[in-house]
Amino acid sequence: MVVISLDLLARCVNQNKRRKEESLQKYLRRVTHVALNNKHIGRISNLEDCSSLRVLYLYENDIVRIENLSFASGLTNLYLSKNHIRRIEGLECLQQLRKLYLGHNDISVVEGLEGLTQLRELHVEFQHLPPGEQLLFDPMCLDQLAHSLTVLNISGNALLSLESLAMLGELTHLVATHNSLRSLKEILRLLRGWTCMERLDLSSNPVCSRSKYLDNIVVCAPRLVKLDGKEISPALRDFVQAWKHSKDQRRAERAALAQAQHSAASAGAYGGPGFPYQGSSVSMGGAGPGTGSQAGVTFPTIGSSMSLASMQSERTVHRSPAARAVHEARTRFPDIFAPSRLLRGMGAGRGAPSGESGKRYESTLFTGQNVPDTIRRPPGDGVVHPVTLHF
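Below you will find a few notes about this structure. (Residues numbered from 1 in each chain as written. Predicted model: local features only at pLDDT ≥ 70, side-chain atom pairs only at ≥ 80, totals over all residues. Heavy atoms only, no water.)

## Focus: the overall build of the protein chain
Using the following cut-off: The helix and strand labels rest on DSSP assignments: H or I over at least four residues marks a helix, E over at least two residues marks a strand, and numbering proceeds from the N terminus. Relative accessibility under 20% of the residue-type maximum defines a buried residue, over 50% an exposed one, and the middle range a partly exposed one, all with a 1.4 Å probe and only protein chains included. By definition, residues are in contact when any of their heavy atoms lie within 4.5 Å. Areas reported here follow the Shrake-Rupley algorithm with a probe of radius 1.4 Å; residue values treat only the protein chains shown as occluding.
Assigned secondary structure in the protein chain consists of 9 helices and 18 strands. A buried classification covers 43% of the 391 residues belonging to the protein chain. Sequence separation of at least 24 residues holds for 45% of the intrachain contacts in the protein chain that already meet a minimum separation of 6. Per element, the accessible surface of the protein chain, about 19800 Å² overall, is 52% carbon and sulfur.

## Considerations on the packing of aromatic side chains
Let me state the cut-off plainly: For Phe, Tyr and Trp, where Trp contributes only its six-membered ring, two rings pair if their centres lie within 6.5 Å, and the inter-plane angle classes them as stacked under 30 degrees, edge-to-face over 60, or tilted in between.
Across all of its chains, the model carries 3 aromatic pairs by this definition. The interplanar angle of 80 degrees and the centroid separation of 6.3 Å between the aromatic rings of Y57 and Y59 together place this pair among those described as edge-to-face. Judged by relative accessible area, which is 28%, Y59 ranks as partly exposed. Ring plane angle 20 degrees and centroid distance 4.6 Å describe the contact between Y57 and Y79, whose orientation is recorded as stacked. One end of the pair, Y57, is in strand β2 (residues 55-57); the other, Y79, is in strand β3 (residues 77-79), with 22 residues separating them in the sequence. Here the aromatic cluster, defined as three or more aromatic residues joined through ring pairs, consists of Y57, Y59, Y79 and Y101.

## Section: the nonpolar core
Put simply, the test is: What we call a nonpolar core is a set of buried Ala, Val, Leu, Ile, Met, Phe, Trp, Tyr and Cys residues that are connected through their side-chain atoms within 4.5 Å.
L36, L113, L162 and I217 are the most contacted members of the largest nonpolar core, which has 77 residues in total. Every element with two or more residues in this core is listed here: α1 (6-11), α2 (24-30), α3 (139-145), α4 (184-193), α5 (213-220) and α6 (234-268).

## Notes on the environment of L78
Mapped onto the elements, L78 comes out in strand β3. By relative accessible area, which is 0% here, L78 ends up buried. C-alpha of L78 to C-alpha of L97: the two residues are 19 residues apart in sequence and 7.6 Å apart in space.

## Details of the side chain of N205
What counts is decided by this rule: We call two N or O atoms a polar contact when they sit within 3.5 Å, provided that within protein one can donate a hydrogen and the other can accept it, with sequence-adjacent residues counted only if both atoms are side-chain atoms.
The residue N205 is located in the loop between β10 (199-201) and α5 in this model. Engagement of the side chain of N205 in a polar contact is seen with the backbone oxygen of A176, the distance being 2.8 Å. In terms of polar contacts, N205 uses its side chain to reach the backbone amide nitrogen of L181, at 3.0 Å. Among all residues touching N205, those that are not within four sequence positions of it are A176, T177, H178, N179, S180 and L181.

## Brief notes about α4
For α4, every residue scored as buried is listed here: L184, E186, I187, L188, L190 and L191. Against the buried residues of α4 lie β10 and α5. For α4, the capping residue at the N-terminal end is S183, with a side-chain oxygen 3.0 Å from the backbone nitrogen of E186.

## So, the sheet that holds strand β12 (residues 230-231)
What counts, and what does not: Criterion used throughout: strands pair if DSSP finds at least two bridges between them.
One open sheet holds the 10 strands; their spatial order is β1-β2-β3-β4-β6-β8-β9-β10-β11-β12, and the pairing between them is mixed. Edge positions in the sheet fall to β1 (33-35) and β12, since each of these pairs with one other strand and no more. Of the strand pairs in this sheet, β2 and β3 are connected by 3 bridges, and their pairing is parallel. Paired with Y57 across the strands is Y79, a residue of β3.

## Observations concerning α5
Burial of α5 is extensive: 7 of the 8 residues sit out of reach of the surface. Among the residues of α5, those classed as buried are Y213, D215, N216, I217, V218, V219 and C220.

Below, the structure is given as structure tokens:
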């Protein structure tokens, strides 16, 4: 393995020209960029003379440990990709570090970044993990980065979830390709918290095949300009927003209909004004000759085309014809329509007079003794029959 030496440093610096009669040590103190990539270096050492270092390239080497960087308090960019690093450590003195590249190493836990309050970009993609394991994140470490980190690359780390990253509210660019992410619901929930997200790449994940994947993500991330490497045009965003509006409208209509049904069922269970809303017609059964008109009371029929929503709307302003009919009957014949006498039928033919077992009886009102004979029984029958509402 190659050891870093002063001569190697001098050959790897090309941003600043060495002045005549300037010593090598003095020259290295002026150096801000050092490119030591792909030199088969096995250890970080002998860089103390580069006290003004801002950018250090050490990728594609054989480094196994991050060390000996305490001198570089002004370092802003550190490139350590494609080495053999197993643990993130030795960075606590790099208070000015803004970009850290650690992709293609042997790191299993993202940790050791608590003191890097200026860190903007973190790249830990494609770690060489043991089979069946995924990259883990230290919650305390992420908590320290929550207000600074804007770019995160975690591709190729067998991740099943991004829930642990929810606290990173300042993210603008997330790359999480080639993982095992499946839950679209989780992604959408996280995007509602990542309000600054502008670029998101989840390609080569199972979640990308979910129905309405693109539409839902565009809706949840209003500032997103690129998804999975593709630009989100204004026309696409307008189309998706229109789709979302239509979807919300349909959901609201279904909710209103469900509420109307619930209200009608609740009122009907107690013989209230909403009782006849559950069906399409109202009539009086077992009331002798003639249909729907006895003792001067008329019970009109509601057409089956009338929707529950429209009936509920009518009820809000004024009673529907069926409700008015039942209300009139209840007023004129209180013993019939007393709530305490209301029983719900259980099926076809229940409570029906003899010979009418094939009829459909869903709600039965049992009569009292002082009901007019024309209402409570057919002439000559001798038996008090129930008054039934068909709907």
